[in-house]
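Chain residues, written in single-letter form:
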Amino acid sequence: MAQLFGKKLTARRVIPGFHLSLGFTLFYLGLIVLLPLSAVFLKTFTMTWEAFWNTVTSDRVIASYKLTFGASFLGALINVLFGGIVAWVLVRYKFPGKRLIDALVDLPFALPTAVAGITLATLYAPNGWLGKLLTPLGVKVAYTPLGILVALTFIGLPFVVRTVQPVLEEAEKELEEAAASLGASHFQTFARVIFPSILPALLTGFALAFARATGEYGSVIFIAGNMPMVSEITPLFMITKLEQYDYAGATAIAVVMLLLSFSLLLAINGLQAWTRSKQNAGRE
């Protein structure tokens, strides 16, 4: 018993400095995260309730909420589908140019958002390379909500691919072989063996892509057209408020966005935790 206690005590002291590192962590998070968020709330509290409510519930702001969160949600869903396929191809198959494609997945990370927005607007404009092919079909992308969806899908793809890819690499292929040997079809193997194992990673990728999309600005404003009540996103509306020196109004809209985003991400994380607990229960 004494030896066991001594081993535990020694293990706890292998890496000292817990209190110091914890204090530094809390200080850093407070300085970088909590302090700016507190300033947003404090500035908003300078408004009366009536002024706050009128600001965050005006028709123009409500339209920007619907567009921002709706396009972000759809873009994240699209990335879950096609990002999962891209991750699957990169992990499970060998083909010429694989490394190049794998590197291109990270392009939205490295590319400045303004450059991405200008590039997408140039490609999908009525006289652009892709736009001139879509315009005769009656499909207008640039300067429409569809263009916003394209931009948000573009910037969110790497989050899903890079989240699902390592999970697929570590997946036990013996389980797939066992399912096949027991007579399971390809669809049954995917639905009952592969998909449950990557579902938490897909939810994580969805949450990351959605969170990035809700706050995206640079890659959207160039392709959106920024028409009030049509293609105006909430971050742009906040910038407009700041340019008008309406700081309280801008922070009020920011608080609403923060609360909505936090609620949605909390629900996604809860779903992710539930799926993991269900998987662990099934393994036991």
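You'll find the structure just up there.
Since the structure is predicted, the reported quantities are computational estimates derived from the model, not experimental observations. (Residues numbered from 1 in each chain as written. Predicted model: local features only at pLDDT ≥ 70, side-chain atom pairs only at ≥ 80, totals over all residues. Heavy atoms only, no water.)

Caption draft 1: Molecular detail of the packing of helix 4 (residues 59-92) against helix 9 (residues 145-170). At a minimum axis separation of 5 Å, helix 4 and helix 9 run at an interaxial angle of 40°. One way to sum up the angle between helix 4 and helix 9 is to call them oblique. Of the two elements, helix 4 crosses helix 9, and the hand of that crossing is right-handed. Residue composition of the contact of helix 4 with helix 9, grouped by class: 19 nonpolar, eight polar and two charged. (Axes fitted to C-alpha atoms, helices over the stretch in contact; angles between N-to-C directions. Helix = DSSP H or I, 4+ residues; strand = E, 2+ residues; numbered from the N terminus. Parallel < 35°, antiparallel > 145°, perpendicular 65-115°, else oblique. Left-handed = near helix turned anticlockwise from the far one by under 90°. Nonpolar A, V, L, I, M, F, W, Y, C, P; charged D, E, K, R; others polar.)

Caption draft 2: Highlighting empty space enclosed by the protein. The full count for this structure, using the stated rule, is one cavity of 30 Å³ or more. Here the largest cavity is characterised by a volume of approximately 40 Å³. Residue classes in the lining of the largest cavity are distributed as six nonpolar, two polar and one charged. (1 Å grid on protein atoms, 1.4 Å probe; cavity = no way out; pocket = protein on both sides within 12 Å on 5 of 7 lines; lining within 4 Å. Points joined across faces, edges and corners; volume = space filled by probe spheres on them.)

Caption draft 3: Main features of the layout of surface pockets. By volume, the second largest pocket is sized at about 190 Å³. Lining the second largest pocket, in full, are Val 80, Leu 81, Gly 84, Ile 85, Trp 88, Val 164, Phe 190, Phe 195, Ile 198 and Leu 202. Where the lining of the second largest pocket is concerned, the elements lending two or more residues are helix 4 and helix 11 (186-214). By residue number, the principal contributor to the lining of the second largest pocket is helix 4, which donates five residues. Tallied by class, the residues present in the lining of the second largest pocket amount to nine nonpolar, one polar and no charged.

Caption draft 4: Highlighting the nonpolar core. One finds Phe 52, Val 56, Tyr 65, Val 164, Leu 168, Leu 202 and Ile 253 to be the most contacted residues of the largest nonpolar core, which totals 34 residues. Not counting chain neighbours up to four residues away, the residues in contact with Val 56 comprise Val 61, Ile 62, Tyr 65, Ala 252, Ile 253 and Val 256. (Core = buried A, V, L, I, M, F, W, Y, C linked by side-chain atoms within 4.5 Å. Buried < 20%, exposed > 50% of the residue type's maximum accessible area, 1.4 Å probe, protein only. Contact = heavy atoms within 4.5 Å.)

Caption draft 5: Representation of helix 7 (residues 113-124) in the model. Taking 1.5 Å of rise per residue, twelve residues should cover 16 Å, and helix 7 covers 16 Å from first to last C-alpha, within 8% of that figure. Burial in helix 7 covers these residues: Ala 116, Gly 117, Leu 120, Ala 121 and Tyr 124. The arc that holds every buried residue of helix 7, seen down its axis, measures 130°, which confines them to one face. The secondary structure elements touched by the buried residues of helix 7 are helix 8 (131-134), helix 9 and helix 12 (218-224). (Expected span 1.5 Å × (residues − 1). Arc of directions from axis to C-beta.)

Caption draft 6: Focus on the packing of helix 4 against helix 13 (residues 234-243). The interhelical angle for the contact between helix 4 and helix 13, taken along N-to-C directions, is 145°, at an axis separation of 8 Å. Taken together, the residues of helix 13 that come into contact with helix 4 (itself represented by Arg 60, Val 61, Ser 64, Tyr 65 and Thr 68) are Thr 234, Pro 235 and Phe 237. Along the lines of polarity and charge, the residues of the contact of helix 4 with helix 13 split into four nonpolar, three polar and one charged.

Caption draft 7: Structural view of the pattern of salt bridges. On inspection of all chains with the given rule, the structure shows five salt bridges. When the shortest N-O distance is used, the salt bridge between Asp 246 and Lys 241 registers 3.4 Å. Given a relative accessible area of 26%, Asp 246 falls into the partly exposed group. Exposure remark for Lys 241: the relative accessible area of 16% places this residue in the buried category. The network of salt bridges with shared partners includes Asp 102, Asp 106 and Arg 162. (Salt bridge = Lys/Arg side-chain N within 4 Å of Asp/Glu carboxyl O.)

Caption draft 8: Local environment of the packing of aromatic side chains. The tally for this structure, following the rule as stated, stands at ten aromatic pairs. Ring centres of Phe 73 and Phe 206 lie 5.4 Å apart, and the angle between their planes is 85°; on these two criteria the pair is classed as edge-to-face. On the criterion of sequence distance, the pair formed by Phe 73 in helix 4 and Phe 206 in helix 11 is long-range, its members being 133 residues apart. Overall, Phe 73 belongs to the partly exposed group, its relative accessible area being 42%. One aromatic cluster is present, built from ring pairs that chain together Phe 69, Phe 73, Phe 206 and Phe 210. (Phe/Tyr/Trp six-rings, centres within 6.5 Å; stacked < 30°, edge-to-face > 60°.)

Caption draft 9: Representation of a nonpolar patch on the surface within the structure. Together, Phe 24, Phe 27, Tyr 28, Leu 29, Leu 31, Ile 32, Val 33, Leu 34, Leu 35 and Leu 37 line one region of the surface with nonpolar side chains, adding up to about 980 Å² of accessible area. By the secondary structure assignment, Leu 31 is in helix 2 (residues 18-44). (Patch = residues over 30% accessible without salt bridge, like charges linked within 9 Å, V, L, I, M, F, W, Y side chains within 5 Å. Areas by Shrake-Rupley, 256 points an atom, 1.4 Å probe, with all protein chains shown as cover.)

Caption draft 10: Representation of the environment of Gly 117 in the model. For Gly 117, the location among the structural elements is in helix 7. Distance in space between the C-alpha atoms of Gly 117 and Ala 151 is 7.0 Å, their sequence separation being 34 residues. Not counting residues within four places of it along the chain, the set of residues in contact with Gly 117 comprises Gly 218, Ser 219, Phe 222 and Ile 223.

Caption draft 11: Here's a closer look at unusual backbone geometry. In this structure, Tyr 143 takes a positive phi of about 65° despite not being glycine. As for its position among the elements, Tyr 143 is in the loop between helix 8 and helix 9. Its identity as a non-glycine residue notwithstanding, Asn 226 has a phi of 55°, on the positive side.

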